[in-house]
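Here is how the chains run, residue by residue.
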Amino acid sequence: MYQVLLILHSWGRWFVLGVGLLALFRAYSGWTGRRPFTKGDNGISAAFSGFMWLQVLIGLGLYFGLSPWGLNGLKQYGMKDPTARFFGMEHIAVMIIAAILAQVGRIALKKAPSDTIKHKKAFIYFGIALLLVLLMIPWGIWNPARPLFRL
Ligand code: HEM
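Residues numbered from 1 in each chain as written. Predicted model: local features only at pLDDT ≥ 70, side-chain atom pairs only at ≥ 80, totals over all residues.

Asker: When you look at the overall build of the protein chain in this model, what are you seeing that I'm missing?
Answerer: Scanning the protein chain from terminus to terminus reveals five helices and zero strands. Reading the protein chain from its N terminus to its C terminus gives the helix and strand order α-α-α-α-α. Along the three orthogonal principal directions, the C-alpha set of the protein chain runs to about 55 × 30 × 25 Å. (Helix = DSSP H or I, 4+ residues; strand = E, 2+ residues; numbered from the N terminus.)

Asker: What exactly am I supposed to notice about the environment of K118 here?
Answerer: Relative to the helices and strands, K118 resides in helix α5 (residues 115-136). Its 23 C-beta neighbours within 10 Å are what place K118 among the buried residues. Considered as a pair, K118 and A108 are 10 residues apart in the sequence and their alpha carbons are 7.7 Å apart. Beyond its immediate stretch of four places on either side in the chain, K118 contacts F37, L109 and A112. (Buried ≥ 20, exposed ≤ 12 C-beta atoms within 10 Å, placed from the backbone. Contact = placed C-beta atoms within 7 Å.)

Asker: Any chance you could explain the site of the ligand here in plain terms?
Answerer: Near the ligand, the surroundings consist of 27 residues, among which S10, G59, S67, M95 and R146 are the closest. Every element with two or more residues in the shell around the ligand is listed here: α1 (2-32), α2 (39-66) and α4 (82-111). Looking at the shell around the ligand residue by residue, the class counts come to 17 nonpolar, seven polar and three charged. (Near = placed C-beta within 6 Å. Nonpolar A, V, L, I, M, F, W, Y, C, P; charged D, E, K, R; others polar.)

Asker: Is there a simple way to think about the packing of α4 against α5 in this case?
Answerer: Following both chains from N to C, one finds α4 and α5 inclined at 170 degrees, their axes separated by 9 Å at the closest point. By the angle between their directions, the pair α4 and α5 is classed as roughly antiparallel. Residues E90, H91, V94, M95, I97, A98, L101, A102, V104, G105, A108 and L109 of α4 pack against K118, K121, A122, Y125, F126, I128, A129, L132, V133, L135 and M136 of α5. Residue composition of the contact of α4 with α5, grouped by class: 18 nonpolar, two polar and three charged. (Axes fitted to C-alpha atoms, helices over the stretch in contact; angles between N-to-C directions. Parallel < 35°, antiparallel > 145°, perpendicular 65-115°, else oblique.)

Asker: It is not clear to me how α5 should be interpreted in this structure. Could you clarify?
Answerer: Given 3.6 residues to a turn, an α-helix orients residues that are three or four positions apart in the same direction. Here α5 is 22 residues long and its end C-alpha atoms lie 31 Å apart, about the 32 Å a rise of 1.5 Å per residue gives. What α5 keeps buried is the set K118, H119, K121, A122, F123, Y125, F126, A129, L130 and V133. Among the structural elements, α1, α2 and α4 are those in contact with the buried residues of α5. (Expected span 1.5 Å × (residues − 1).)

Asker: Quick question: what am I supposed to make of the nonpolar core here?
Answerer: In a soluble, globular protein the nonpolar side chains are often hidden away together inside. By size, the foremost hydrophobic cluster in this structure holds 26 residues, and its most contacted members are A23, F48, A98, A102, F126 and A129. Residues within four places of A98 in sequence aside, it is in contact with M52, A129, L132 and V133. (Core = buried A, V, L, I, M, F, W, Y, C linked by C-beta atoms within 7 Å.)

Asker: What exactly am I supposed to notice about unusual backbone geometry here?
Answerer: Residues apart from glycine generally show negative phi values, whereas peptide bonds are mostly found in trans. Even without a glycine there, the phi angle at R34 is positive, about 50 degrees. By the secondary structure assignment, R34 is in the loop between α1 and α2. Judged by C-beta crowding, with 10 C-beta atoms within 10 Å, R34 ranks as exposed.

Asker: When you look at the environment of S114 in this model, what are you seeing that I'm missing?
Answerer: Tracing the chain through its elements places S114 in the loop between α4 and α5. Sequence separation of S114 and P68 is 46 residues, and the distance between their C-alpha atoms is 48 Å.

Asker: Help me understand the packing of helix α3 (residues 70-77) against α4, please; the structure alone is not making it clear to me.
Answerer: For any two helices packed against each other, the geometry comes down to the angle between their axes and how far apart the axes lie. Two elements in contact, α3 and α4, have axes separated by 8 Å at closest approach and are oriented at 145 degrees. Seen along the crossing, α3 lies across α4 with a hand that is left-handed. Along the contact surface, α3 presents G70, L71, G73, L74 and Y77, while α4 presents T83, A84, F87 and G88. For the contact of α3 with α4, a count of residues per class yields five nonpolar, four polar and no charged. (Left-handed = near helix turned anticlockwise from the far one by under 90°.)

Next up, the structure:
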């Protein structure tokens, strides 16, 4: 079960990044080109937020039970260990903030008075959310290294 969730969580990152980049590109071109906010734009933004929450859900399963990292890592190695601190604190905290930002962005763009403002709000909220996700994926640059494609 641990391996299944880990593989899903690992591949889930590519869905979040792919859909997130697409949402950001559509928001930017819609904003600057004053394009109408279409069903397609709405669908992509819903998919971005949806994939984020899916990652949070799988992440919670790893964090509170199955993973040797997450809470288990914190108990075993403590906050002084960089890997335990990353998966036990930094990764979960910032990723949840990013998922909330994407969700708040969805709400904000629904309330926006015009299509251009919808695109602008989507660009700002999704842009910050995506930046946080990029920072907190364990690429091995400043945080622990994990495989890019786990099989
Ligand atoms: C958009 C949100 C998220 C993305 C893109 C993401 C991405 C990743 C990636 C790429 C890994 C490395 C997987 C591997 O070793 O192959 C990972 C590990 C992990 N993530 Fe996330 N994550 C997200 C949110 C969360 C959240 C919210 C939690 C906790 C509630 C979480 C808990 C964990 C844990 C505990 C690990 C270590 C698993 C292990 O090695 O046993 N993640 N995450």
